[in-house]
Amino acid sequence: KTIVKVLIFSYFNFTVFFISSTMERYHKEEDMKMKLNNIIKPLAATLPLTLSLTACNASSVGTPIKLIDDNYRVTYQIFVSSFYDSNGDGIGDLEGIRKKLDYINDGKAEKGTSLLANEIWLTPVSPSLSYHKYDVMDYKNIDKDFGTLEDFKALVEDCHKRNIKVIFDLVMNHSSSEHPWFVEAVNYIKGLRKGEEPDFNTCPYANYYNFTKKKQEGYAPIEGTDWYYEARFSPKMPDFNLENEAVRNEFKDIFKFWLDLGVDGFRLDAVTYYVTGSITKNTEILTWLNKTVKEIKPDAYIVGEAWSTESEYGAYYKSGVDSFFDFDFSGSDGVIANILKGVAPASSFADRMIREDELFSGNNPHYVNAPFYTNHDIPRSAGYYSGERRVDMIKLAGAMNLLMSGNAFIYYGEELGMKGSGRDENKRAPMQWTKDANAVGMCKGPKDMEDFEMMYGSLEDQKDDETSIYNYFKKAIKLRHSYPVIARGKTALYDGFENANPDTVSVFTRSMADKSYEPLLIVINTSENDVSQKLGEDYTKLESFLVTGDKEVTIKDGTLNIPSFGIAILTR
């Protein structure tokens, strides 16, 4: 059998060489590729399927990758101060990100060795007194720890050269208590006589925030007075009065400032707190925001953080905002983790995707989902699982996030299996380029971060190991890009399999209503055991697969064989 396989492969390779040699007369490269493909496909179909599967692995997907310029991307979230330090002060900065762009996307989709993320979300970069920078003191500048506006412009320019879009983190719910607007407002309030009410004509900034004499939850006192101000996150982070048109005009100017600098859109922080407890008012503010931003830059992309239930962030799609983070699938108790921990059946993965699509599309037919698995506020996934197969579960969880439709987000270091839980500082630990904490580019991390060791090694440890978490993530991202229908298509249940175990096997199709891309059947084995499944009559061709170990997905005698924690992609 081995000799026969070698002879068939030799015949096939000779045939391909002969065909390509005779087609040199076609001076247009794309025309030649198309004609060659039309000849090779029928020949390839005559070969035994088991001989061609090595080319189906996601590490060597046969279809050339072309990164599509729309909002269905792979977005890499960067906590700026913990990513890469360019000047030796131990704090990550904009120039450091610029130096590491080739790691994110080197602009060589077909031959490159990068992650192939084609969008980055930068956590706040404006001047702030905190390490996390979510208390902004100046909305039109760059924090000195991170560089200058010129550094920011250079980063955006280099990103665009690589087809990487840049999303700016917009903190619009609150400012820093050191922001000049708030400082002036508080000084004015302190100067009021007993019983005197603020005159907004005298001090307009007193109406930029929410001041009251009523003591209530979520409000902080102004020392020496009987006044309070709304500050849901911290007394150092006073909430804006976003129903005030003057405040909205300030932010309209801020939108334009950053869009004119080249940013491609905004990540909106804490949208459920714009007007605490009112979905209706928050939706109205988001509707205004979306309209205002799109008037400045029609193709700007906006994604909102509505940390709530699916029904609530689904309702916010009525605003017209492109995306909201899909919290129900994220974290240690989300849909993905619960499936892999055996708390929920594998079939719930497709069921929940279908259910949320009906909800989201009903509120905005043009919505783009924003699946993510972890972020800077959520414990890292390395701690979610236990047992001998925990690495396989970490890998598969990352792939399941990337198999969801929409714009998929990855938090820096998840591709390395970084650890971090407990206090927020731990979740924002330095990117593990190397184990040597004193190496060039390594960041110190947040001041109050606890000491702990990473479980699965640094990039330096993992990059040459084909079985590493890092290389698995690269294959998963490449798989997503190789089949555009994965990000852009609709999910549907598939009933072509007999006796598929819904507890351990997730089976669904992804297709386009306009048939612009070929539909796929996606089969995920979420268990520790190999699975064999008799194929249906329609999806019978193994197009690609992704595995966490050495075993490959195969089709033999009409039966699909998937190793534990494996993924199979089939076509008709």
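Report on the accompanying structure. (Residues numbered from 1 in each chain as written. Predicted model: local features only at pLDDT ≥ 70, side-chain atom pairs only at ≥ 80, totals over all residues. Heavy atoms only, no water.)

This part covers the overall build of the protein. Check the secondary structure of the protein and you find 16 helices and 18 strands. Across the 572 residues that make up the protein, the buried fraction comes to 56%. Across the protein, contacts joining residues at least 24 apart in sequence account for 67% of those joining residues at least 6 apart. Summed over all atoms, the accessible surface of the protein reaches about 25,300 Å², with 49% contributed by carbon and sulfur. (Helix = DSSP H or I, 4+ residues; strand = E, 2+ residues; numbered from the N terminus. Buried < 20%, exposed > 50% of the residue type's maximum accessible area, 1.4 Å probe, protein only. Contact = heavy atoms within 4.5 Å. Areas by Shrake-Rupley, 256 points an atom, 1.4 Å probe, with all protein chains shown as cover.)

Between helix 13 (residues 390-402) and helix 15 (residues 469-482), whose axes approach to 9 Å, the crossing angle comes to 20 degrees. With respect to helix 15, the axis of helix 13 lies roughly parallel. In the crossing of helix 13 with helix 15, the sense of the turn from one axis to the other is right-handed. Contacts between helix 13 and helix 15 pair V391, I394, K395, L396, G398, A399 and L402 from the former with I469, Y472, F473, A476, I477 and R480 from the latter. Tallied by class, the residues present in the contact of helix 13 with helix 15 amount to 10 nonpolar, 1 polar and 2 charged. (Axes fitted to C-alpha atoms, helices over the stretch in contact; angles between N-to-C directions. Parallel < 35°, antiparallel > 145°, perpendicular 65-115°, else oblique. Left-handed = near helix turned anticlockwise from the far one by under 90°. Nonpolar A, V, L, I, M, F, W, Y, C, P; charged D, E, K, R; others polar.)

Pairing within the open sheet is antiparallel, and its 5 strands lie in the order 11-12-13-18-15. Each edge of the open sheet carries a strand with a single partner, namely strand 11 (490-493) and strand 15 (541-546). Sheet twist, expressed as the mean angle between neighbouring strand axes with direction ignored, is 30 degrees. The pairing of strand 12 (residues 505-511) with strand 13 (residues 520-525) spans 6 bridges and is antiparallel. Residue pairing across strands places T509 opposite L521, the latter belonging to strand 13. (Pairing = 2+ DSSP bridges.)

Formed by 149 residues in total, the largest nonpolar core has its most connected members in Y76, L122 and F152. Not counting residues up to four positions away in its chain, the partners in contact with L122 are I78, V80, L94, I97, F152, L155, V166, I167, F168 and D169. Core analysis: the second largest hydrophobic core is formed by 18 residues, Y494, V505, V553 and I562 among them. (Core = buried A, V, L, I, M, F, W, Y, C linked by side-chain atoms within 4.5 Å.)

With that out of the way, let us pick up the side chain of K165. One can find K165 in strand 3 (residues 165-170). In this view, K165 contacts D69, D70, N71, R73, N118, E119, I120 and D264; residues no more than four positions away in its chain are not counted.

A few words on the side chain of S319. Looking at the element boundaries, S319 is found in the loop between helix 10 (310-315) and strand 9 (323-324). At a separation of 2.7 Å, a polar atom in the side chain of S319 contacts the main-chain carbonyl oxygen of Y316. Residues contacting S319, with those up to four places away along its chain left out, are T283, L286, T287, N290 and F324. (Polar contact = N/O pair within 3.5 Å; in protein donor to acceptor, adjacent residues only side chain to side chain.)

Our focus in this paragraph is the pairing of strand 14 (residues 531-534). Burial along strand 14 is one-sided: the residues V531 and Q533 are buried and none of S532 and K534 is. In this sheet, strand 17 (residues 559-562) lies alongside strand 14 in antiparallel orientation, the contact comprising 4 bridges. When the bridges of strand 17 are listed, K534 appears paired with T559.

Turning our attention to helix 7 (residues 180-190). Turning to helix 7, its buried residues are W181, F182, A185, V186, Y188 and I189. Along the long axis of helix 7, the arc covered by the buried residues comes to 160 degrees, so they all point the same way. Taken together, the buried residues of helix 7 touch strand 4 (211-212), strand 6 (228-230) and helix 8 (245-260). (Arc of directions from axis to C-beta.)

Now for the packing of aromatic side chains. Tallied over the full model, the rule gives 48 aromatic pairs. Pairing F325 with F372 gives two aromatic rings, centres 5.5 Å apart and planes at 75 degrees, and the pair type is edge-to-face. You can see F325 sitting in the loop between strand 9 and helix 11 (335-340) and its partner F372 sitting in the loop between helix 12 (348-363) and helix 13, a full 47 residues away along the chain. Taking 6.2 Å as the distance between ring centres and 70 degrees as the angle between the ring planes, the aromatic pair formed by F329 and F349 counts as edge-to-face. With F329 in the loop between strand 9 and helix 11 and F349 in helix 12, the pair connects residues that are 20 residues apart, well separated along the chain. Residues F329 and F349 agree in their burial class; the two are buried. When the ring centre of F146 is taken as reference, the NZ or CZ atom of K133 above it lies at 5.6 Å. (Phe/Tyr/Trp six-rings, centres within 6.5 Å; stacked < 30°, edge-to-face > 60°. Lys NZ or Arg CZ within 6 Å of the ring centre and 35° of its normal.)

Taken as a whole, this structure holds 37 salt bridges when the rule is applied. The partner of E95 in a salt bridge is R98, with the nearest N and O atoms 3.3 Å apart. Of the two residues, E95 and R98 are both situated in helix 4 (residues 94-99); the distance of 3 residues between them amounts to about one turn of the helix. Of the residues examined, E95 reaches a relative accessible area of 25% and is grouped as partly exposed. In this structure, the salt-bridge partner of K427 is D424, at a minimum N-O distance of 3.0 Å. Take D424: its relative accessible area is 32%, and that puts it in the partly exposed class. (Salt bridge = Lys/Arg side-chain N within 4 Å of Asp/Glu carboxyl O.)

With 13 residues, helix 6 (residues 149-161) extends 19 Å from end C-alpha to end C-alpha; this agrees with the ideal 18 Å at 1.5 Å per step. Regarding helix 6, the residues found buried are F152, A154, L155, V156, D158 and C159. One side-chain oxygen at the N-terminal end of helix 6 lies 3.3 Å from the backbone nitrogen of E150; it belongs to T148. Note on helix 6: the residue one or two positions beyond its end, N163, has a positive phi of about 65 degrees. (Expected span 1.5 Å × (residues − 1).)

Orientation of helix 8 relative to helix 9 (residues 279-296), taken along the N-to-C sense of each, is 40 degrees, at an axis distance of 10 Å. The pairing of helix 8 with helix 9 is recorded here as oblique in orientation. Crossing hand, helix 8 versus helix 9: right-handed. Facing helix 8, whose interface residues are R248, F251, K252, F255, K256 and L259, helix 9 presents E284, I285, W288, L289, T292, V293 and I296.

A few words now on the sheet that holds strand 16 (residues 554-556). Spatial ordering of the open sheet is given by 14-17-16, a layout of 3 strands whose pairing is antiparallel. The two strands at the open ends of the sheet, each matched to only one other strand, are strand 14 and strand 16. Strand-to-strand, the axes of this sheet are offset by a mean angle of 25 degrees, without reference to chain direction.

In short, shape yes, function no, at least from these values alone.
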